[in-house]
Amino acid sequence: MKVGAPVEPNHISASVVIATLERLSPTQRENAYGMGRAVMRLLIIEDDRDAADYLAKAFREVGHVADLAADGEEGLAHALDGQYDVLIVDRMLPKLDGLSVIGTLRGKGIETPALILSALGQVDDRVKGLRAGGDDYLPKPYSFSELLARIEVLARRRGSREEMVYRVADLELDRLSHRVTRTNQEIDLQPREFRLLEYLMKHAGQVVTRTMLLENVWDYHFDPQTNVIDVHISRLRSKIDKGFAQPLLHTVRGAGYMIREGK
Amino acid sequence: MTALGKLFRTTAFKLTLVYLTTFVLFAAIVLVYFAWNTRRLINEQITQTVDSEIVTLQDEYDIGGIRRLIFTLDARARRPDSYLYLLTTAAGEGLAGNVGSLTAGVLERSGWTETAYRKLEDLEQTEHHALAKVVQLSGGFRMLVGRDLEERDRMHDVVIGAGRWSLAIVVILGIAGGLFVMRRVLQRVDAMTATAQTIMAGDLSGRLPIAGTNDELDRLAGNLNTMLDRIEALMHGLKEVSDNIAHDLKTPLTRLRNRCEEALRTAEDEAQYRTALEGTIEESDGLIRTFNALLMIARAESGQARDNMRDFDAAEVARGVGELYEPLADEKGLTLTIDAPAAAPVRGNRELISQALANLVDNAIKYAAPDVALPDGVRPGIRIEAASAGDHILLTVADRGPGIPAADRARVLERFVRLEQSRSQPGSGLGLSLALAVAHLHGGDLKLEDNEPGLRTVISLPRAGPVSQAVAGDLTRLQPTQAPAGGSDSQAG
């Protein structure tokens, strides 16, 4: 999923913001969209240069565009005049802290989804972060796949409408009647299994991590040590995929799960 | 200067000074009062004796006329240490007596007067002072009877002098005593300071000296020593924990490093490198998990999560956690039963309590192997209960696994402690520590009991949250009031 020529890390502090997207040829850009993963423009506000460079590089490798800002004020300035899909904001920043950056943006009516990165990984910190206007919260150290999955969900959320019926291939989930069918065959699900499938189908084609499932389906924000989620998934899988030629619920190695049509 | 300067700056010195000033002031007042009173007493005595003398002389005059009076007066005046007498005619001519000269005009006025006088026999001598009474006798004679005041004045001087000296001695002794006391206090305080400094320098085993006088300094030193004991114990615990951390993190770190090294040495293609890298990521995720758990425990122990407390239903938490773990238990061949028929409202941090309960269930699933030989009638499985008991709620996880010997029950609550048989299982040895820390954060407790057979872990939490601080001392007292009815059991799955 390499996109375009190798791109130098473009630090915003180098005064000119060069959107990598604009450097791409139209075909490259179309390719990026065509792979089922729209190119996202991200702003990473992070004062740890190494971490920021690593992130920018990793995002570029999967075809996204990432700009960097090294402190809160700079980040705020760029978030104010740039068109970004998602902001990735470190909580502790020089000059202006991450929560204030997000608070200021929200105060000015800018609703760009923001994910807060923080070394303070406790429950109440997360609550504070979300209260300040953040849309998601990820404690450091995090895995890139986790961050990527969350960013993509955040970017998609904007402009996505809430459908009443989710469809992936021949699998259908009716949110109103709480009915799930595959090839018109009714599938009997426990309430929690229904919510699990609902979340997966809402983000069909996107990687959903175990932590995201635990947070959104169970509303738990702790690490349950054992991979309890895997067992729930395999139960769900046996209900929706067993006996069908085409599996829909896929395991994404090292990242999480995804419901999608095809391989 | 420095030693003296230090002395002057001490509280003891300032107190002594204040005390001394007050004392001297009061002593001076008492002395002045005493001097004044002595003087008054002497005056009173003089007037009394003079009055009676006058009465006697009046009688003499009344009996024998002026002649007899003159005779008596002369006789009396010649006695040693006599009164002062003067008898004159109406015109002021002296008839008898021992007074040579008087302050002018004294004789013209009757009654008491203080006058300067000279004795008849030594007119050139210095003036004396006397308290005298002048009476008018029938026939125009005037008589003065008085008493020299030298004695009174000398007495007064003696009293004042003595007073001055005693005050001076009081001041000197006071300062000296104060200095002495201060030195002693200062010595003890210095000794305490010196010990404190060695403690500050890192030697936590030092203790403040106790003089054995049971005074306030001893009490202070005793309390500080108790505090030091506590600090030392805490530091010891901390050191143990960090040793454990070092040990527990060293093992996975070594594994991590070996894996990398081995991959570098032996891997031949990309797939092998990939496998090795995935392994290292997994290993480091484990490390991060351990760190997170440690931080969580530290946060719970320091009480930082107290501000995030709300009211919620513990029964619902039990059902939620049970439902989360049910498939996992099922996969291991264990039946997970949730017994939470009635609402168990409690005030606390729902997230943390859920996590604590999840840890207990996780442990139960890990260690309660379904193939353990059980006595007849006992079914393998795990049971989660939530119930109210008085002003507490109880969250219980009971399994039919090997259990924990009574002797080890306190130990397994410590960080990183894992019993031998559990070493083979994945885990950090922090699950129970976190559950305990969460229970303590809420003013509750965590108890490990025998499930006969198996392990029964009970989290008891005060309903009102940590504010009421009602810690359950004896859990047996707090057994659920309602017997678990078979019909209310909800079998998840």
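Above this text sits the structure in question.
Presented here is a report on the structure given in the accompanying data block. Computed from a predicted model, the values in this text were never measured in an experiment.

Criteria and cut-off values
- Residue indices begin from 1 for each chain and proceed along its sequence in written order.
- Labels are handed out in written order, letters beginning with A for the chains and numbers beginning with 1 for the ligands.
- In keeping with the model being predicted, local features are shown solely for residues with a pLDDT of at least 70 and side-chain atom pairs are shown and tallied solely at 80 or more, while totals for entire chains, interfaces and linings include all residues.
- Under the DSSP-based scheme used, a helix requires at least four consecutive residues in state H or I and a strand at least two consecutive residues in state E, with every element numbered from the N terminus.
- By definition, a nonpolar core groups buried Ala, Val, Leu, Ile, Met, Phe, Trp, Tyr and Cys residues that are joined through C-beta atoms within 7 Å.
- Here the C-beta atoms are placed from the backbone, and a residue counts as buried if at least 20 other C-beta atoms lie within 10 Å of its own, exposed if 12 or fewer do, and partly exposed otherwise.
- Our contact criterion uses C-beta atoms placed from the backbone: two residues qualify when those atoms are within 7 Å.
- Note on residue categories: nonpolar means Ala, Val, Leu, Ile, Met, Phe, Trp, Tyr, Cys or Pro, charged means Asp, Glu, Lys or Arg, and polar means any other residue, Gly included.
- By definition here, a helix of n residues has an expected span of 1.5 Å times n minus one.
- Fitting axes to the seven residues ending at a residue and to the seven starting there, one defines the bend at that residue as the angle between these axes.
- The criterion for strand pairing is that DSSP finds at least two bridges linking the strands in question.
- Axis lines are fitted to C-alpha atoms, over the contacting stretch for helices. Their N-to-C directions set the angle, which ranges from 0 to 180 degrees.

A negative phi holds for most residues other than glycine; trans holds for most peptide bonds. Residues and elements named next belong to chain A. A cis geometry characterises the amide bond from Lys140 onward to Pro141, with omega recorded as -5°. Locating Pro141 in the fold gives a position in the loop between β5 (136-139) and α7 (144-157). At Ala169, a residue that is not glycine, the phi angle is positive and equals roughly 50°. Note on placement: Ala169 falls in the loop between β6 (165-168) and β7 (171-174). The phi angle at Asn184 is positive, at roughly 60°, despite the residue not being glycine.

Let's shift gears to the nonpolar core. Core analysis: the biggest nonpolar cluster contains 122 residues, and A:Leu42, B:Ala318, B:Leu357 and B:Val361 have the highest contact counts within it. Broken down by element, the residue count for this core peaks at 10 residues, all from helix α7 (residues 350-367) of chain B. When near neighbours in sequence (up to four residues on either side) are disregarded, A:Leu42 contacts A:Phe59, A:His64, A:Val65, A:Ala66, A:Tyr84, A:Asp85, A:Val86, A:Ile88 and A:Ile151. Among the nonpolar cores identified, the runner-up in size contains 21 residues, and B:Tyr61, B:Tyr85, B:Val99 and B:Val145 belong to it.

All names here are of chain B. Looking at the secondary structure, you find Ser110 in the loop between β3 (99-102) and β4 (111-119). Between the C-alpha atoms of Ser110 and Arg142, which are 32 residues apart in sequence, the distance is 8.8 Å. Ser110 has contacts with Val134, Val135 and Gln136, leaving out every residue within four places of it along the chain.

Before going further, it helps to examine the interface of chain A and chain B. Taken together, the contacts link 19 residues of chain A with 20 residues of chain B. Elements supplying a minimum of two residues to the side of chain A that touches chain B: α6 (123-131) and α10 (228-240) of chain A. Ranked by residue count, the leading element in the side of chain A that touches chain B is α10(A), at four residues. Classifying every residue of the side of chain A that touches chain B gives eight nonpolar, seven polar and four charged.

The next point concerns helix α6 (residues 314-331) of chain B. Residues and elements named next belong to chain B. With 18 residues, α6 should cover 26 Å at 1.5 Å per step; its first-to-last C-alpha distance of 26 Å lies within 8% of that length. The axis of α6 is deflected most strongly, by about 40°, at Tyr325, and proline Pro327 appears within four residues downstream. Of all 18 residues making up α6, 14 are buried, and the element is well covered by its neighbours. Gly333 sits one or two positions beyond α6 and adopts a positive phi of about 80°.

Looking now at the sheet that holds strand β9 (residues 185-187) of chain A. Residues and elements named next belong to chain A. An order of β6-β7-β8-β9 is seen for the four strands of this open sheet, with the pairing classed as antiparallel. Among the strands making up the open sheet, the edge pair consists of β6 and β9. Across the sheet, the mean angle separating the axes of adjacent strands is 25° when strand polarity is ignored. Both β7 and strand β8 (residues 179-182) contribute to a ladder of four bridges, which runs antiparallel. When the bridges of β8 are listed, Asp174 appears paired with Arg179.

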